[in-house]
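Per-entry structural report
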Amino acid sequence: MKLQNMFKKTNRRNRNAFGESRPEVPEGLLRKCNKCGAAIIAEEVREGNYICPKCQGYFRVHARRRIDMIADPDTFEEWDEELVTCNPLQFRGYEEKVAALQEKTGLREAVVTGRAEIGGEPAVIGVCDGRFLMASMGEAVGEKITRAVERATKEKLPVILFACSGGARMQEGIISLMQMAKTSAALKRHSDAGQLYISVLTDPTTGGVTASFAMLGDIILAEPNALIGFAGPRVIEQTIGEKLPKGFQRSEFLLEHGFIDRIVGREEQKAVLAQILRMHHKNETAAGSENKAVIAGHSRGPQNLENREDHAEGNPQMQVLEKQACPAWESVQISRKKGRPVGIDYISHLFTDFVELHGDRYYKDDPAVVGGLAYFQGIPVTVIAQAKGKSTKENVERNFGMPSPDGYRKSLRLMKQAEKFHRPVICFVDTPGAFCGLEAEERGQGEAIAKNLFELSALKTPILSIIIGEGGSGGALAMAVADEVWMLENSIYSILSPEGFASILWKDSKRADEAAEVMKLTASDLKNMGIIEQIIPEPADYTEGSMDSVCETIKPGIAGFLERYCGMETGELTAKRYGRFRKM
Ligand SMILES: [Zn+2]
């Protein structure tokens, strides 16, 4: 056979519900990628996670292949394999169509469910198969997913669903629509039982599936460049009479708009899923008895911050630091100094295995707030930092650490997630203030901050906030309604900037230095006033290079904090937090 003929034979194009061409998984020896047109060897594609080796385009993956890619070998146990549709509308030709697809795919329906282990962690998984009527959700798909989720709730297992769907199944009419409510309701019960649900969105995830189980994950991951949306692009174009911009409704677009936590390539999918499962493993939460020993072990010794004052006298290093204490205006300048460690530096120096999670699930992923999951000395925690940049360029991208409402909503989302899984929350505060701008007002900056204060006051998990630079106004407080608030020695915390204070009270922003002195914004002033609990000493000319000594003080401090608060009954914890602010 001539080479051209081989290409000809395989140059089939697969059209989906939206009329877009899609790459197909090659079955023969040689295939042509219909994304880039390059000749590719089927074997290479199979071994390379069904990614085009030339253009890195993602081919769709059959359900069973997907399970092979994700589950540990020989751990998958299929559930409800025999479940099929009863053709509820008696729609003519539907049964024949389903029978033909069953024959072609070797599947009985468009989703495969069951139990598997991923990196040794047990989970219930469900995988849609796009070959089966675009994995539309009829009664059988809805029922299989619902049963899997119900069983996961009963057996206290996490759920992972790989979505790939055209949405509702037209041939089943209103019965198909009801599957959206049914699957969502089962997931609500699973969530209320404190279990983890990870949704993985693959190309395409649309319609009724997007508007139900696909978007309900505690953590939502997506494959690169997957089409994800409620309405199909062609429907939107017809409705608005305009061409859609490039990249519209793709994973990257959703990430930017705050609807997914992360884009995860196939190479790292199994590892990322295993890590997230491990971080939610019940024995590994701070409340677990195993880890209490770990915390206790680390909190011993004279470095414990709580003992700082008792030990300061005998500690020459700390005495020196006390003597160097700066007047307020100097602290203001130091707290803003270029080169001073920023939130991300603390995350990388104090924690391991940081998994950044993105988005507020409403509008945007705000780069002025960085947050996610991590381990602190083997204990899963949620860590959130107001993020200044390290260079001018990065500062512009991160809006100079001034969060938008979306940033506060992201941080609240992550805190509520932490509450669900009983993970302690550790916040790093460093902001000149919440962003003052047109869009911030349009999206409710005040409401976003207020909601944080409201919710944090009663969050049923320990919260520690550490002010590392500027603690500017409500924008800082929104992440500092905590059980304890600590401050770096030269950080500041105030009602507004000294410039703003001088300008409002004396109509002269040049008197900022004078204002700083009267505002009581230094760490030692605030400690004396009972606004904060601890002061963390810092070296002169503090930079990332000299962070180690500071972190050596913070680490046993955090360990001690976790020891004090993680064992507390939630009622006692929230009552204590209420009391902390009630007396101010
Ligand atoms: Zn290609």
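First, a word on what this report is: a plain description of the structure on this page. (Residues numbered from 1 in each chain as written. Predicted model: local features only at pLDDT ≥ 70, side-chain atom pairs only at ≥ 80, totals over all residues.)

**Regarding the overall build of the protein**
Looking only at helices and strands, the protein has 25 helices and 20 strands in total. In the protein, which comprises 584 residues, the proportion classed as buried is 46%. For the protein, restricting intrachain contacts to residue pairs at least 6 apart in sequence, the fraction spanning at least 24 positions comes to 70%. (Helix = DSSP H or I, 4+ residues; strand = E, 2+ residues; numbered from the N terminus. Buried ≥ 20, exposed ≤ 12 C-beta atoms within 10 Å, placed from the backbone. Contact = placed C-beta atoms within 7 Å.)

**What to know about the packing of helix α15 (residues 343-350) against helix α24 (residues 547-566)**
At a minimum axis separation of 11 Å, α15 and α24 run at an interaxial angle of 65 degrees. With respect to α24, the element α15 is oriented roughly perpendicular. In this structure, the crossing between α15 and α24 has a hand that is right-handed. Contact with α15, carried on its side by D345, H349 and L350, involves M547, C551, I554 and K555 of α24 and no other residues of that element. For the contact of α15 with α24, the residue count by class is four nonpolar, one polar and two charged. (Axes fitted to C-alpha atoms, helices over the stretch in contact; angles between N-to-C directions. Parallel < 35°, antiparallel > 145°, perpendicular 65-115°, else oblique. Left-handed = near helix turned anticlockwise from the far one by under 90°. Nonpolar A, V, L, I, M, F, W, Y, C, P; charged D, E, K, R; others polar.)

**Here we look at the nonpolar core**
Across soluble globular proteins, nonpolar side chains show a tendency to be buried alongside one another. The biggest cluster of nonpolar side chains holds 136 residues, and the ones touching the most others in it are C427 and M487. Among the elements that line this core, the one with the most residues is α24, at eight residues. Structurally, this core is a two-domain feature, drawing no fewer than three residues from each of domain 2 (63-280) and domain 3 (326-582). Non-local contacts of C427, meaning those with residues more than four positions away in its chain, are made with I384, I463, S465, M479, A480 and A482. (Core = buried A, V, L, I, M, F, W, Y, C linked by C-beta atoms within 7 Å. Domains from an automatic or database assignment.)

**Section: the environment of P403**
With respect to the helices and strands, P403 occurs in the loop between α16 (392-397) and α17 (405-420). Along the chain, P403 and A368 lie 35 residues apart, while their C-alpha atoms are 5.1 Å from each other.

**Let's talk about unusual backbone geometry**
Cis rather than trans, the peptide bond between D203 and P204 has omega equal to -10 degrees. With respect to the element layout, P204 can be found in strand β9 (residues 197-206). With a phi close to 55 degrees, K156 is a non-glycine residue in the positive phi region. Mapping K156 onto the fold places it in the loop between α5 (139-154) and β8 (159-165). Despite not being glycine, R361 has its phi angle at roughly 70 degrees, a positive value. Considering the arrangement of structural elements, one finds R361 in the loop between β13 (352-357) and β14 (369-376).

**Section: the packing of α17 against helix α19 (residues 445-456)**
Following both chains from N to C, one finds α17 and α19 inclined at 20 degrees, their axes separated by 8 Å at the closest point. Classified by the interaxial angle, the pair formed by α17 and α19 is roughly parallel. Between α17 and α19 the crossing geometry is left-handed. For the pair α17 and α19, contact is made by P405, Y408, R409, S411, L412 and M415 and by Q445, A448, I449, K451, N452, E455 and L456, respectively. The class makeup of the residues in the contact of α17 with α19 is seven nonpolar, three polar and three charged.

**A few points about the pairing of β14**
β14 sits mainly inside the fold: seven of its eight residues count as buried. Note that β13 and β14 share four bridges and pair antiparallel. From the neighbouring strand, V355 faces β14, where its bridge partner is L373. Here eight bridges tie β14 to strand β15 (residues 379-386), and the two strands are oriented antiparallel to one another. Opposite A374, over in β15, you have V381 as the bridge partner. Counting the residues that bridge the hairpin from β14 to β15 gives two residues, and of these Q377 lies at a positive phi of roughly 45 degrees. (Pairing = 2+ DSSP bridges.)

**Some details on helix α3 (residues 63-70)**
Three or more residues of α3 are buried, namely A63, R66, I67 and I70. Down the axis, α3 shows its buried residues gathered within 100 degrees of arc, on one side only. (Arc of directions from axis to C-beta.)

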